Amino acid sequence: MGDAWAIDARSGRQIWRYRRNLPDDMILCCGPVNRGFAVLGDRLYMTTLDAHLIALDMKTGQVINETKLEEYKRGYSATVAPLVVKDKVIVGIAGAEYGIRGFIEAYDAQTLKKVWRFYTVAGPDDPGGRTWPPGEAYLRGGGSIWVTGTYDPEQNLVFFGTGNPGPDYYSANREGDNLYTTSLVAVDADSGKLKWHYQFTPHDVHD
């Protein structure tokens with residue numbers, strides 16, 4: 001859940017352990033999991049189920065920096081292993097089953113200050129915004145990030161697969177293709193601007 005260990009590879013001896021005290025009122029899907037770390041220099045980066053990003057000292061396990069990605073009480077959580085690209089730590093949010101608007105974000109690796117955010121659910125003024133009905137359906141449109149993305153240094157692009165739209169099975173109030181859910185998105189690593197997308201399942205109704 002919110003634990004991390006450093007283990008001596010020769011002896012199996014525990015060097016340090018980090019344990020996060022998580023709130024009791026979290027809303028989670030699907031299971032209390034964490035998909036691992038990113039590493040840069042002497043720091044380990046991990047997301048938490050209460051939607052934070054933390055940087056740990058690799059030698060001691062002490063928290064160096066921490067930042068809140070979003071408010072867990074609104075259904076947001078984070079389970080993905082971060083992706084380090086140059087001087088940035090890139091993460092995605094989960095919670096599509098609970099009326100969130102998904103996103104991918106980049107943070108400065110030293111300060112954990114937000115550099116950019118790309119919404120995986122297009123807003124009215126975004127390319128793809130017309131694939132959602134008029135009104136506020138896009139604000140609850142889902143688009144979780146479950147799996148760590150990849151980086152192509154030649155194009156300076158990060159690639160992420162996005163999850164289901166919300167509501168996942170009842171789709172009458174989200175007529176349209178519902179970009180950029182159930183898609184592959186290619187995003188500029190420096191700016192967070194969308195380069196291209198491919199949607200595998202327009203208007204997904206099967207989660």
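The structure reproduced in this document is the subject of the present report. It should be emphasised that the depicted structure is a prediction, and the values quoted were computed from it without experimental measurement.

## Brief notes about unusual backbone geometry
Residues Gly166 and Pro167 are joined by a peptide bond in cis, for which omega reads -5 degrees. Inspection of the secondary structure assignment puts Pro167 in the loop between β12 (157-161) and β13 (183-188). One non-glycine residue, Thr182, lies in the positive phi region at around 40 degrees. Position of Thr182 among the secondary structure elements: in the loop between β12 and β13. We classify Thr182 as buried; its relative accessible area is 10%. Phi at His203 is positive, roughly 50 degrees, even though this residue is not glycine. Tracing the backbone shows His203 in the segment after β14 (194-199).

## Quick word on the packing of aromatic side chains
Applying the stated criterion across every chain, the model contains five aromatic pairs. Judged by centre distance (6.4 Å) and plane angle (85 degrees), the rings of Phe103 and Tyr119 are edge-to-face. With Phe103 in strand β9 (residues 103-108) and Tyr119 in strand β10 (residues 114-119), the pair connects residues that are 16 residues apart, well separated along the chain. Looking at Phe103, the relative accessible area reads 0%, which means it is buried. Taken together, Tyr76, Phe103 and Tyr119 form an aromatic cluster joined through their ring pairs. The ring of Tyr119 is capped by Arg101, whose NZ or CZ atom sits 3.7 Å from the centre of that ring. Between Arg117 and the ring centre of Phe103, over which it is positioned, the NZ or CZ distance is 3.7 Å.

## Comments concerning the pairing of β13
Examined bridge by bridge, β12 and β13 share five bridges and lie antiparallel to one another. Residue pairing for β13: Val158 is matched across the bridge by Val187. Across five bridges, the pairing between β13 and β14 is antiparallel. Residue pairing in the sheet places Ser183 in a bridge with Gln199 of β14. Between β13 and β14, which pair antiparallel and follow one another directly, the connecting turn spans five residues, one of which, Gly192, has a positive phi of 80 degrees.

## Re the pattern of salt bridges
Per the counting criterion, the structure on display carries 13 salt bridges. Between Asp190 and Lys88 there is a salt bridge, with its nearest N and O atoms 3.7 Å apart. Taken together, the positions of Asp190 in the loop between β13 and β14 and Lys88 in strand β8 (residues 88-92) put the pair 102 residues apart, joining distant regions of the chain. Residue Asp190 is classed as partly exposed on the basis of its relative accessible area of 37%.

## Some details on the nonpolar core
Counting residues in each nonpolar core, the largest one holds 17 residues, and the members touching the most others are Ile90, Ile104, Trp116, Phe118, Val158, Phe160 and Val185. Elements with a contribution of two residues or more to this core: β7 (83-85), β9, β10, β12 and β13. When residues no more than four places from it in sequence are discounted, the contact partners of Val185 are Ile104, Phe118, Val158, Phe159, Phe160, Thr162, Tyr180, Leu194, Trp196 and His197. Counting residues in hydrophobic clusters, the runner-up holds 16 residues, among them Ala78, Val91, Ile93 and Phe103.

## Some points on the side chain of Asn156
Along the polypeptide, Asn156 turns up in the loop between β11 (150-152) and β12. We classify Asn156 as buried; its relative accessible area is 13%. Side-chain polar atoms of Asn156 contact the side chain of Asp190, separated by 2.9 Å. Asn156 has contacts with Lys86, Tyr151, Val187, Asp188, Ala189 and Asp190, leaving out every residue within four places of it along the chain.

## Notes on the environment of Asp87
You can see Asp87 is positioned in the loop between β7 and β8. Sequence-wise, Asp87 and Phe103 are 16 residues apart; in three dimensions their C-alpha atoms are separated by 20 Å. If we skip the residues at most four places from it in the chain, Asp87 touches Tyr107, Asp108 and Ala109. Polar side-chain contacts of Asp87 include one of 3.3 Å to the side chain of Lys88.

Definitions and limits used
- Residues numbered from 1 in each chain as written.
- Predicted model: local features only at pLDDT ≥ 70, side-chain atom pairs only at ≥ 80, totals over all residues.
- Heavy atoms only, no water.
- Helix = DSSP H or I, 4+ residues; strand = E, 2+ residues; numbered from the N terminus.
- Buried < 20%, exposed > 50% of the residue type's maximum accessible area, 1.4 Å probe, protein only.
- Phe/Tyr/Trp six-rings, centres within 6.5 Å; stacked < 30°, edge-to-face > 60°.
- Lys NZ or Arg CZ within 6 Å of the ring centre and 35° of its normal.
- Pairing = 2+ DSSP bridges.
- Salt bridge = Lys/Arg side-chain N within 4 Å of Asp/Glu carboxyl O.
- Core = buried A, V, L, I, M, F, W, Y, C linked by side-chain atoms within 4.5 Å.
- Contact = heavy atoms within 4.5 Å.
- Polar contact = N/O pair within 3.5 Å; in protein donor to acceptor, adjacent residues only side chain to side chain.

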